[in-house]
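Residue-level structure breakdown
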Protein chains: 2
Amino acid sequence: MAALETLIEALRRLPGVGQKSAQRMAYHLLQHDREGAQVLSRALAGAASDIGHCERCHTFSEAALCPICADEQRDARLLCVVETPADQAALERTGSFRGYYFVLLGRVSPLDGIGARQIGAEQLLARAQDGRVEEVILATSFTAEGEATAHVLGEALRSRQLRSTRLARGVPVGSELEYVDLGTIAHALVDRR
Amino acid sequence: MAALETLIEALRRLPGVGQKSAQRMAYHLLQHDREGAQVLSRALAGAASDIGHCERCHTFSEAALCPICADEQRDARLLCVVETPADQAALERTGSFRGYYFVLLGRVSPLDGIGARQIGAEQLLARAQDGRVEEVILATSFTAEGEATAHVLGEALRSRQLRSTRLARGVPVGSELEYVDLGTIAHALVDRR
Ligand SMILES: [Zn+2]
Ligand SMILES: [Zn+2]
């Protein structure tokens, strides 16, 4: 049945969803939650059309400036650099950081031809040289690629007389920041070096 | 952010998707697969509007009659009763059944006030009394409720001089038919009693 096959195929585009799960989801929606199917359809279309990127920090935003960048009460001396909007959201949920953020376009991966330029290093340098930033906290993941990213950016910042720090190693090595518990992140933030 | 929160909330309506997974899915779609978000949005809307139920067997169908009910080459003497469209699809994929199907509206659950009437027993009796059906195979799950369903329907069929059989117990007890491997189902179908 075309519409059903199309739906199962489309559900498989979700991360972590294979053929079996997609089938189960499709049958569930059709049999028990058709309203849910329509709600989800509208939410997806709405998100795809309404959510862009903040022009200052590049996180997801419906407005030109995200609520954090638009908040003038935060500490402009601190700029925290993360790999993804999800990492930024995780850090913000800890409630222990009052500065601003800058979201990279991922992390460097020399084997894939992704260097400092591809992840937005130039925009970061421009942002960090606004005359107010005194410390750039490199909160990239503690994976090999995340460390390489922090190293490359740290060097670039230093060549422009900008001080950079790294989250303390309280964050378990090898883990993605997004999935680390909030207490660990908060602690690592205080102990940044 | 409203559109993002709305999307995460909507994704949680999918079975097996909690807050963390929904977040991960939303971020993935927004960051890496916006086209996927739109494809899925359209597939959901299309399925919700185009997929109804076959008027004869009640499985999902875009047409008044599903392809199986519309196929006159199948064996009209055999009618296989299942709990859900997913179970019907699993049986059909075994390739070992050439009769027709009848899809119940779930299974009896006395504690929830769901009896024979609520799952469509009357429509099944009418369907089985078309003058051609000689055997009704009760392929409900081998759970307590599935067994109760088979028992109730078997009695009702017998009172109308209709013969009913049950899938052989090759199907693992306590399992949902949809998730049983095809070989086991095929074997159980041959050994029906
Ligand atoms: Zn921003
Ligand atoms: Zn049908």
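The paragraphs below set out a description of the structure included in this document. (Residues numbered from 1 in each chain as written. Chains lettered and ligands numbered in written order. Predicted model: local features only at pLDDT ≥ 70, side-chain atom pairs only at ≥ 80, totals over all residues. Heavy atoms only, no water.)

What to know about the relation of the copies chain A and chain B
Rotating chain A by 180° and moving it 0.0 Å along the rotation axis overlays it on chain B with an RMSD of 0.1 Å. In symmetry terms, the pair is related by a two-fold rotation axis. Minimal C-alpha separation from the rotation axis in chain A is found for serine 41 of chain A, amounting to 2.0 Å. (Least-squares fit on C-alpha atoms with pLDDT ≥ 70 in both.)

A look at the pairing of strand β6 (residues 163-166) of chain A
Residue and element names in this part refer to chain A. As defined by bridge partners, strand β5 (residues 135-138) adjoins β6 across four bridges and the pair is classed as parallel. In the strand pairing of β6, valine 136 is matched with serine 164. Considered for its hand, the β-α-β crossover made up of β5, helix α7 (residues 144-158) and β6 is right-handed. (Pairing = 2+ DSSP bridges. Helix = DSSP H or I, 4+ residues; strand = E, 2+ residues; numbered from the N terminus. Right-handed = clockwise from strand over helix to strand, strands pointing away.)

Quick word on the interface of chain A and chain B
Contact with chain A, which involves 50 residues of that partner, is made by 50 residues of chain B. Counting each side, the surface lost to burial between chain A and chain B is near 4700 Å², with a carbon and sulfur contribution of 67%. Area buried by chain A at its contact with chain B is led by Arg13, Leu44 and Phe60 of chain A, which between them contribute 15% of it. Across the chain A-chain B interface, the total number found is two salt bridges. Aspartate 33 of chain A is the salt-bridge partner of arginine 13 of chain B, the closest N and O atoms lying 3.1 Å from each other. Contributing elements (two or more residues each) for the side of chain A that touches chain B: α1 (2-11), α2 (19-32), α3 (34-50), β1 (52-53), β2 (60-61) and α5 (85-94) of chain A. (Contact = heavy atoms within 4.5 Å. Buried area = accessible area lost by both parts, 1.4 Å probe. Salt bridge = Lys/Arg side-chain N within 4 Å of Asp/Glu carboxyl O.)

A short note on the coordination of the zinc ion (ligand 1)
Residues and elements named next belong to chain A. Around the zinc ion (ligand 1), the protein contributes the donor atoms Cys54 (SG), Cys57 (SG), Cys66 (SG) and Cys69 (SG), at 2.3 to 2.4 Å from the metal centre. Taken together, the four donor atoms coordinating the zinc ion (ligand 1) and their angles of 106 to 116° define a geometry best described as tetrahedral. Overall, cysteine 57 belongs to the buried group, its relative accessible area being 2%. (Donors = N, O, S within 2.8 Å, 3.2 Å for Na, K, Ca; no water. Tetrahedral: all angles 85-135°; square planar, octahedral: opposite > 155°, others 65-115°. Buried < 20%, exposed > 50% of the residue type's maximum accessible area, 1.4 Å probe, protein only.)

A word on the side chain of serine 41 of chain B
Inspection of the secondary structure assignment puts serine 41 of chain B in helix α3 (residues 34-50). By relative accessible area, serine 41 of chain B is classed as buried at 7%. Leave out the neighbours within four places in its chain, and serine 41 of chain B touches Ser41, Leu44 and Ala45 of chain A.

Thoughts on the sheet that holds β5 of chain A
All names here are of chain A. Pairing is parallel in the open sheet, where four strands are placed in the order β4-β3-β5-β6. In this open sheet, the two edge strands, each paired with only one partner strand, are β4 (100-103) and β6. Within this sheet the neighbouring strands show an average axis-to-axis angle of 25°, counted without direction. By the bridge criterion, four bridges tie strand β3 (residues 78-82) to β5 in an arrangement that is parallel. Bridge pairing in β5 links leucine 79 to valine 136. The sheet contacts of α5 involve β3 and β4, and relative to β4 the element is tilted by about 160°. (Axes fitted to C-alpha atoms, helices over the stretch in contact; angles between N-to-C directions.)

Some remarks on the environment of glycine 183 of chain A
Residue and element names in this part refer to chain A. Within the fold, glycine 183 resides in helix α8 (residues 182-190). Overall, glycine 183 belongs to the partly exposed group, its relative accessible area being 47%. It is 37 Å that separates the C-alpha atoms of glycine 183 and leucine 29, two residues lying 154 residues apart in sequence.

Focus on the environment of glycine 106 of chain A
Residues and elements named next belong to chain A. Tracing the backbone shows glycine 106 in the loop between β4 and α6 (121-128). Taking the relative accessible area as the measure of exposure, glycine 106 reaches 22% and is therefore partly exposed. With 24 residues separating them in the primary sequence, glycine 106 and valine 82 have C-alpha atoms 8.4 Å apart. Excluding anything up to four places from it in sequence, glycine 106 contacts Glu83 and Ile119.

Quick word on α8 of chain A
Every buried residue of α8 of chain A is listed here: Thr184, Ile185, Ala186, Ala188 and Leu189 of chain A. Here the buried face of α8 of chain A lies against α5 of chain A.

Looking at the packing of helix α1 (residues 2-11) of chain B against helix α2 (residues 19-32) of chain B
Residue and element names in this part refer to chain B. Close contact between α1 and α2 brings their axes to 8 Å; oriented N to C, the two are set at 125°. In terms of orientation, α1 and α2 fall into the oblique class. Once α1 is placed against α2, the crossing between them reads as right-handed. Across the interface between the two elements, Leu4, Leu7, Ile8 and Leu11 from α1 touch Gln19, Ala22, Gln23, Met25, Ala26, Tyr27 and Leu30 from α2. Considering only residue class, the contact of α1 with α2 consists of nine nonpolar, two polar and no charged. (Parallel < 35°, antiparallel > 145°, perpendicular 65-115°, else oblique. Left-handed = near helix turned anticlockwise from the far one by under 90°. Nonpolar A, V, L, I, M, F, W, Y, C, P; charged D, E, K, R; others polar.)

Some remarks on the coordination of the zinc ion (ligand 2)
Residues and elements named next belong to chain B. Coordination sphere of the zinc ion (ligand 2), protein contribution only: Cys54 (SG), Cys57 (SG), Cys66 (SG) and Cys69 (SG), at 2.3 Å. As a motif over one chain, the donors of the zinc ion (ligand 2) read C-x2-C-x8-C-x2-C. This pair shows no difference in class: cysteine 66 is buried, exactly as cysteine 69 is.

With respect to the nonpolar core
In terms of nonpolar packing, the biggest core is built from 49 residues, with Leu11 and Leu14 of chain A together with Leu11 and Leu14 of chain B touching the most fellow members. Listed by contribution, the elements that provide at least two residues to this core are α1, α2, α3 and α5 of chain A together with α1, α2, α3 and α4 (85-94) of chain B. With near-sequence residues (within four places) excluded, leucine 11 of chain B lies in contact with Leu14 and Leu40 of chain A together with Val17, Ala22, Met25 and Ala26 of chain B. (Core = buried A, V, L, I, M, F, W, Y, C linked by side-chain atoms within 4.5 Å.)

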